[in-house]
Amino acid sequence: MNFPLLILLAVPFLTAPVVYPLRRTPLAAPFAAGVAAALVGFLWLAPWPLTVARPDQSTLGAPLVLLGRTLRLTETDRWILSMLWGCAAPMFLTAWPFRFERRLYPIGLAAGGLWTIGLLLRPISLGTFFIGSAALLLALTLLGEGHGMEGATQYLIATSLGFLAWVTAAWATEQAILNPGQPLWTTLTIVWIGMALVLWLGVWPAYRWVVLLFAEGAPVGAAFTVFLLNYGTWFWLLAWAQEFPWLTQLPGWGVGLQMIGVLMMLSSAVLALAERGWGVIGGYTWLASSGISWLALGLGTIEGVHLSTWTLGIRVVALLGLAFGLAAHRRMSGSTESGRIPLDQGPWVIALLLGSGMALIDVPPFAGFAARWAFTRLILSSHPVLALALIGSVGLLGWALLRELLAFSKESAPLRPMPRSVVWFGIAWWIAEVILLFAGPWLGLQLEALARAWVRASSL
């Protein structure tokens, strides 16, 4: 029995009911964040003796068999789970000043636990049910007090349909293995995986749920939802590539991922020009920045996948700033409606909203600029038009952010005082961005193991 792995799986579910009664107290946020950070430390400090399960895959510790099913922790899985739980910890801390974010602590722990089981469980068809359950559970984090329900409803619809697409893709994959030489099943597998990605990632024309979550939902809950769904799906796709290496060798695999990235990036940049409000523009900015990661992933090279994993890590800080700024904006205005906060009444709120938006679109001096510049140079010779589109999308989104900052102030209800927590969070956020600017190259080197795992899975 692999007891360290059993502890890793059990802790999120055991601590979720403990943090639930604490959600109305100041202890909930540090407790949930401490559990997430402890899981990261446990992943690296626990004894994981290397065990060779089969010639093409080694596991950390013996495989764990539960109810006749096998769970394996590989070196790649350790990096994946470390990133997921490591990013979840600051998100739990970000939610503490806002009453309507209290559901995030127990639900976030339970959803992360389900995602962990889904990533490690084999065969992949069974893991699909845990991944889908985690995605559906996140809908409960979006039900903020006094906020609209359209975004949560559309998210629930998109996630449910995406879950059905993943289940169907798993069935088609098994049929392809049982019926070798029949291209119908491999084609259906690619089609259903593509449909699942479109629905879960908010690819055009299924993008509205992402924008509405940022526009009207509980901001930190929305940020945690898009974070886990986007990052988790990236890693979930890696699990598919590891179990079914022939998928990544199909002609439409890389092209499909590139098309998803292009649609997310360009459509978001163009559509943002027609919208008003920090929440809506922030949602489009997140979609565009996520599209860059998927476009780089679709190249299938060490450099492209490396840049994709790098941008996954550094954009969490920008997402945190966007979520906290939106939550503070709504607390001051008392509404989710679009409205302007004068610079003299909420300087740190404006600094968070504008700074996080600029960090998401990778403009200097933020750390993402180095990744976007490197990626533009990477594709300049092979896709010059697309390289120009990468640069142009920054201009479109930047103009949308600047226009919102300079928007004419309409008559509105008096604003509440700016929360004191915004000052301290804003200082910490800008310090974190400066540190990330210098730590980015080191972080990229540490994540190179994920890039090599992707390419290795493609060549098996």
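In this report, the structure presented in the accompanying data block is examined. As the structure is a computational prediction, the values presented were derived from the model and not from experiment. (Residues numbered from 1 in each chain as written. Predicted model: local features only at pLDDT ≥ 70, side-chain atom pairs only at ≥ 80, totals over all residues. Heavy atoms only, no water.)

## Some points on the overall build of the protein chain
Of the regular secondary structure elements, the protein chain holds 17 helices and five strands. Looking at the protein chain as a whole, 57% of its 460 residues qualify as buried. Across the protein chain, the fraction of contacts at a sequence separation of at least 24, relative to all contacts at a separation of at least 6, is 78%. Total accessible area computed for the protein chain in this model is approximately 18400 Å², and 71% of it derives from carbon and sulfur atoms. (Helix = DSSP H or I, 4+ residues; strand = E, 2+ residues; numbered from the N terminus. Buried < 20%, exposed > 50% of the residue type's maximum accessible area, 1.4 Å probe, protein only. Contact = heavy atoms within 4.5 Å. Areas by Shrake-Rupley, 256 points an atom, 1.4 Å probe, with all protein chains shown as cover.)

## Observations concerning the nonpolar core
Counting residues in hydrophobic clusters, the biggest one holds 150 residues, and the most contacted among them are Phe92, Phe227 and Trp240. Looking at which element gives the most residues to this core, the answer is helix 12 (residues 302-333), with 17 residues. Ignoring any residue separated from it by four or fewer positions in sequence, one finds Phe92 in contact with Ala29, Ala32, Ala33, Ala36, Leu104, Tyr105, Gly108, Leu109 and Phe224. (Core = buried A, V, L, I, M, F, W, Y, C linked by side-chain atoms within 4.5 Å.)

## Quick look at the environment of Leu14
Looking at the secondary structure, you find Leu14 in helix 1 (residues 3-19). Looking at Leu14, the relative accessible area reads 57%, which means it is exposed. On a C-alpha basis, the gap between Leu14 and Leu109 in space is 9.4 Å, while along the polypeptide they are 95 residues apart.

## So, the packing of helix 1 against helix 4 (residues 104-120)
For any two helices packed against each other, the geometry comes down to the angle between their axes and how far apart the axes lie. Two elements in contact, helix 1 and helix 4, have axes separated by 8 Å at closest approach and are oriented at 160°. The angle between helix 1 and helix 4 places the two elements in the roughly antiparallel class. The way helix 1 lies across helix 4 gives a crossing that is left-handed. Here Leu5, Leu9, Pro12, Phe13, Thr15, Ala16 and Val19 of helix 1 lie close against helix 4, whose contacting residues are Tyr105, Pro106, Leu109, Ala110, Gly113, Leu114, Thr116, Ile117 and Leu120. (Axes fitted to C-alpha atoms, helices over the stretch in contact; angles between N-to-C directions. Parallel < 35°, antiparallel > 145°, perpendicular 65-115°, else oblique. Left-handed = near helix turned anticlockwise from the far one by under 90°.)

## Let's talk about unusual backbone geometry
When glycine is set aside, most residues are seen to have a negative phi, and most peptide bonds are trans. A cis geometry characterises the amide bond from Trp204 onward to Pro205, with omega recorded as 10°. Within the secondary structure, Pro205 is located in the loop between helix 7 (183-201) and helix 8 (208-216). One non-glycine residue, Asp362, lies in the positive phi region at around 65°. Relative accessible area serves as the criterion here: at 2%, Asp362 is assigned to the buried category.

## A word on a nonpolar patch on the surface
Taken together, the side chains of Trp204, Val255, Met259 and Leu263 make up a nonpolar region of the molecular surface, amounting to roughly 380 Å² of accessible area. Tracing the sequence through the fold places Val255 in helix 10 (residues 251-271). (Patch = residues over 30% accessible without salt bridge, like charges linked within 9 Å, V, L, I, M, F, W, Y side chains within 5 Å. Salt bridge = Lys/Arg side-chain N within 4 Å of Asp/Glu carboxyl O.)

## Quick notes on the sheet that holds strand 5 (residues 121-122)
As a general point, the strands of a sheet are linked pairwise by backbone hydrogen bonds and lie either parallel or antiparallel. Overall, antiparallel pairing links the three strands, which are arranged 3-4-5 in an open sheet. The sheet is open, and its two borders are formed by strand 3 (64-66) and strand 5, each paired with just one other strand. For strand 4 (residues 69-71) and strand 5, the ladder comprises two bridges, and the chain directions are antiparallel. Note on strand 5: the bridge partner recorded for Leu71 is Leu121. On the sheet, helix 1 packs against strand 3 and strand 4 and is oriented at approximately 55° with respect to strand 3. (Pairing = 2+ DSSP bridges.)

## What to know about the packing of aromatic side chains
Across all of its chains, the model carries 20 aromatic pairs by this definition. With a centroid separation of 5.1 Å and 70° between ring planes, the pair formed by Trp44 and Trp79 is classed as edge-to-face. Placement of Trp44 in helix 2 (residues 28-45) and of Trp79 in helix 3 (residues 75-94) is noted, with a sequence separation of 35 residues between them. Residue Trp44 is classed as partly exposed on the basis of its relative accessible area of 34%. (Phe/Tyr/Trp six-rings, centres within 6.5 Å; stacked < 30°, edge-to-face > 60°.)

## Brief notes about the environment of Leu396
Structurally, Leu396 can be placed in helix 15 (residues 384-405). Note on Leu396: relative accessible area 31%, which makes it partly exposed. Along the primary structure Leu396 and Ala272 are separated by 124 residues, whereas in three dimensions their C-alpha atoms are 7.9 Å apart. Discounting chain neighbours no more than four positions away, the residues touching Leu396 are Ala269, Val270 and Leu273.

## Section: the pattern of salt bridges
Tallied over the full model, the rule gives one salt bridge. Between Asp362 and Arg315 there is a salt bridge, with the nearest N and O atoms lying 2.3 Å from each other. Of the two residues, Asp362 is situated in the loop between helix 13 (347-360) and helix 14 (368-380) and Arg315 in helix 12; the sequence distance between them amounts to 47 residues. Using a relative accessible area of 3% as the deciding quantity, one classes Arg315 as buried.

## Examining helix 5 (residues 124-137)
In this model, helix 5 (14 residues) spans 20 Å end to end at C-alpha, consistent with the 20 Å of a helix rising 1.5 Å per residue. Lining the buried residues of helix 5 we find helix 4, strand 5, helix 6 (150-178), helix 7 and helix 9 (219-243). (Expected span 1.5 Å × (residues − 1).)

## Digging into helix 8
Taken across its nine residues, helix 8 has eight buried, putting it largely inside the fold. Residues of helix 8 that are buried include every one of Trp209, Val210, Val211, Leu212, Leu213, Phe214, Ala215 and Glu216, and no others.

## A closer look at the side chain of Thr159
By the secondary structure assignment, Thr159 is in helix 6. With near-sequence residues (within four places) excluded, Thr159 lies in contact with Ala135, Leu136 and Trp200.

## A look at the side chain of Thr189
Here Thr189 is to be found in helix 7. Apart from the residues within four sequence positions on either side, Thr189 is in contact with Ala169, Ala172, Thr173 and Leu247.

## A closer look at the packing of helix 5 against helix 9
Across the interface, helix 5 lies against helix 9 with an axial gap of 12 Å and an inter-helix angle of 180°. By the angle between their directions, the pair helix 5 and helix 9 is classed as roughly antiparallel. Judged by residue contacts, Ile124, Gly127, Thr128, Ile131 and Ala135 of helix 5 engage Leu229, Trp236, Ala239, Trp240 and Glu243 from helix 9. In terms of residue class, the contact of helix 5 with helix 9 is made up of seven nonpolar, two polar and one charged. (Nonpolar A, V, L, I, M, F, W, Y, C, P; charged D, E, K, R; others polar.)

Everything listed is a geometric property; what it means functionally is a separate question.
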